[in-house]
Amino acid sequence: MAQINKPNLYFNTKLYTGNGSTQSITGVGFQPDWVWIKERDDTSNHNLYDSVRGVENYIYSNETTAELSGTNSLTAFDSDGFSVGSGTFINQSGQGYVSWNWLASNTTASNTDGSITSTVSANTTSGFSIATYTGNNTNAQTIGHGLGVAPKVYIIKRRDSTSAWGMYHGSLGANKYLQLESTNAEATDTGIWNNTAPTSSVLSIGNAGYFNNVSGGTYVCYAFAEVKGFSKFGSYVGNGSTDGTFVYTGFKPAFVMGKATSGNENWFMNDNKRLGYNDKNYRLYPNLSNNEATDINMDIFSNGFKLNSINGNSNGSGITYIYMAFAEEPLVGDNPATAR
């Protein structure tokens, strides 16, 4: 995949204030296919919407709850953003919200590359796709992801019933997984991804009886391939210092989400639009409904980031963390060994 020079054409964070009625949120810069919304000022669930499952259908990143639907939720994916109804979880009057927006293809296609047919919206430029499928409770099953290169990360959630989230991360390998809604450490299980890394056309889902391949169960999968100048998916080891470990990305990050692979630590997520990004950062947690906290100092550089804390949540000494990062702007010709 070629380097992306304008990352905000494919990912953007947009803040807005609720009005208690209906409104269109503009300024995203494209028609998003995946919109993740969280109320900043109060306790509420994370609401995740995508164009493949359709408007008004949402799932919570911080719970195992099945997919929900409501006319007072996200009502449209618009050319420069999205529209919302009057639900207090998405548009309460006077409340502040953050939305993280990704572009797929604005269309869907049937994909028969895998042993299970999937419905896919894929952006091969930015390395992001959304796929839905129905489980068959059979061993060694795959679904097509449409990216044309192997994804480094994919996240799966069952839609029609209560079930855990499952994340595959290339830094963990094909026999381990994390749960987005949980503080649980990485779990080892050779059946969860059939102990098989994704390829340029398919990714492996669980064997018979696993939560991501129940017979008749409906699922959504978000898959990410690494693209120079736009996205980076890796790991780092914390140093337990207020001068944290420098993590090289090759771009100035706009969004970072991560988790310790050991211990019972919360996930963390930071972005470049909420005040305090380069000081005491306004942090949210994908696995919690909590409002914003200002507990971590994240330094952002033109080529990476540091999490400056002795907190085991993001920079505990000797602890390994996985992360996902998306760019604000790329950097050309930098030295990966130097923070700048």
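Whatever comes next refers back to the structure up there.
Residues numbered from 1 in each chain as written. Predicted model: local features only at pLDDT ≥ 70, side-chain atom pairs only at ≥ 80, totals over all residues. Heavy atoms only, no water.

Remarks on the packing of aromatic side chains
Thought 1: For the structure on display, the rule yields 34 aromatic pairs.
Thought 2: With a centroid separation of 5.8 Å and an interplanar angle of 80 degrees, the aromatic rings of Phe246 and Phe301 are classed as edge-to-face. Of this pair, Phe246 sits in strand β21 (residues 246-248) while Phe301 is found in strand β25 (residues 293-301), placing the two residues 55 residues apart along the sequence. (Phe/Tyr/Trp six-rings, centres within 6.5 Å; stacked < 30°, edge-to-face > 60°. Helix = DSSP H or I, 4+ residues; strand = E, 2+ residues; numbered from the N terminus.)

Some words on the sheet that holds strand β22 (residues 251-260)
One key point about sheets: their strands pair by backbone hydrogen bonds, in either a parallel or an antiparallel sense.
Thought 1: The sheet built from four strands is open, its strands ordered β20-β27-β22-β23 with antiparallel pairing. Strand pairing shows two members of the sheet lacking a second neighbour, β20 (231-237) and β23 (268-271), which therefore form its edges. Going across the sheet, the axis of each strand differs from the next one's by a mean of 20 degrees, ignoring polarity.
Thought 2: Inspection of the sheet shows β20 paired to strand β27 (residues 320-330) by seven bridges, in the antiparallel sense. Across the sheet, the residue bridging to Tyr236 is Tyr321, located in β27. (Pairing = 2+ DSSP bridges. Axes fitted to C-alpha atoms, helices over the stretch in contact; angles between N-to-C directions.)

A closer look at the nonpolar core
Thought 1: Counting 53 residues, the largest nonpolar core has Trp102 and Phe224 as its most contacted members.
Thought 2: Excluding residues that lie within four positions of it along the chain, Trp102 makes contacts with Tyr10, Phe11, Phe30, Pro32, Asp33, Trp34, Trp36, Phe128, Phe224, Phe255 and Phe326.
Thought 3: Counting residues in hydrophobic clusters, the runner-up holds 19 residues, among them Val120, Tyr168, Tyr219 and Cys221. (Core = buried A, V, L, I, M, F, W, Y, C linked by side-chain atoms within 4.5 Å. Buried < 20%, exposed > 50% of the residue type's maximum accessible area, 1.4 Å probe, protein only. Contact = heavy atoms within 4.5 Å.)

A look at the sheet that holds strand β3 (residues 34-39)
Thought 1: In space, the six strands of this open sheet follow the order β1-β9-β3-β4-β5-β6, with antiparallel pairing throughout. Of all the strands in the sheet, the pair left with one neighbour each is β1 (11-17) and β6 (68-69).
Thought 2: Pairing of β1 with strand β9 (residues 96-102), which is carried by seven bridges, proceeds in the antiparallel orientation. Looking across to β9, one finds that Thr13 is bridged to Trp100.

A word on the pattern of salt bridges
If charged atoms from side chains of opposite charge come close, those side chains can pair.
Thought 1: Considering all chains together, one arrives at twelve salt bridges under this definition.
Thought 2: When the shortest N-O distance is used, the salt bridge between Arg158 and Asp160 registers 2.8 Å.
Thought 3: Residue classification places Asp160 among the partly exposed residues on the basis of a relative accessible area of 40%.
Thought 4: Between Lys306 and Asp243 there is a salt bridge, with its nearest N and O atoms 2.7 Å apart. Placement of Lys306 in strand β26 (residues 304-308) and of Asp243 in the loop between β20 and β21 is noted, with a sequence separation of 63 residues between them. (Salt bridge = Lys/Arg side-chain N within 4 Å of Asp/Glu carboxyl O.)

Some details on the side chain of Lys259
Thought 1: With respect to the helices and strands, Lys259 occurs in strand β22.
Thought 2: Separated by 3.1 Å, the side chain of Lys259 and the backbone oxygen of Thr183 make a polar contact.
Thought 3: From its side chain, Lys259 meets the backbone oxygen of Asn184 in a polar contact 3.3 Å long. (Polar contact = N/O pair within 3.5 Å; in protein donor to acceptor, adjacent residues only side chain to side chain.)

Points about the side chain of Thr249
Thought 1: Relative to the helices and strands, Thr249 is located in the loop between β21 and β22.
Thought 2: With a relative accessible area of 7%, Thr249 lands in the buried category.
Thought 3: Within the local environment of Thr249, its side chain forms a polar contact with the backbone oxygen of Phe251, the two atoms lying 2.7 Å apart.

Overview of unusual backbone geometry
Thought 1: Notably, Asn137 is not glycine yet its phi reads approximately 60 degrees, a positive angle.
Thought 2: Mapped onto the elements of the fold, Asn137 is located in the loop between β12 (128-134) and β13 (142-144).
Thought 3: Relative accessible area serves as the criterion here: at 37%, Asn137 is assigned to the partly exposed category.
Thought 4: Of note, Asn195 is a non-glycine position whose phi angle comes to about 50 degrees, a positive value.
Thought 5: Inspection of the secondary structure puts Asn195 in the loop between β17 (187-188) and β18 (202-204).

Some points on the pairing of strand β8 (residues 81-84)
Regular strands place their side chains on alternate faces of the sheet.
Thought 1: The pairing of strand β2 (residues 23-26) with β8 spans four bridges and is antiparallel. Note on β8: the bridge partner recorded for Gln23 is Val84.
Thought 2: Where strand β7 (residues 74-78) meets β8, four bridges bridge the pair, whose relative direction is antiparallel. By the bridge assignment for β8, Ala76 is matched with Ser83.

Some points on the pairing of strand β5 (residues 57-60)
Thought 1: The side-chain alternation of β5 yields two buried faces, one formed by Asn57 and Ile59 and the other by Tyr58 and Tyr60.
Thought 2: Sheet topology note: the strand β4 (residues 47-50)/β5 ladder contains two bridges and is antiparallel. Bridge assignment links Asn47 to a residue of β5, and that residue is Tyr60.
Thought 3: Between β4 and β5, which follow one another and run antiparallel, lie six residues, and Gly54 among them has a positive phi close to 100 degrees.
Thought 4: Both β5 and β6 contribute to a ladder of two bridges, which runs antiparallel. In the sheet register, Tyr58 faces β6, and the bridge partner there is Leu68.

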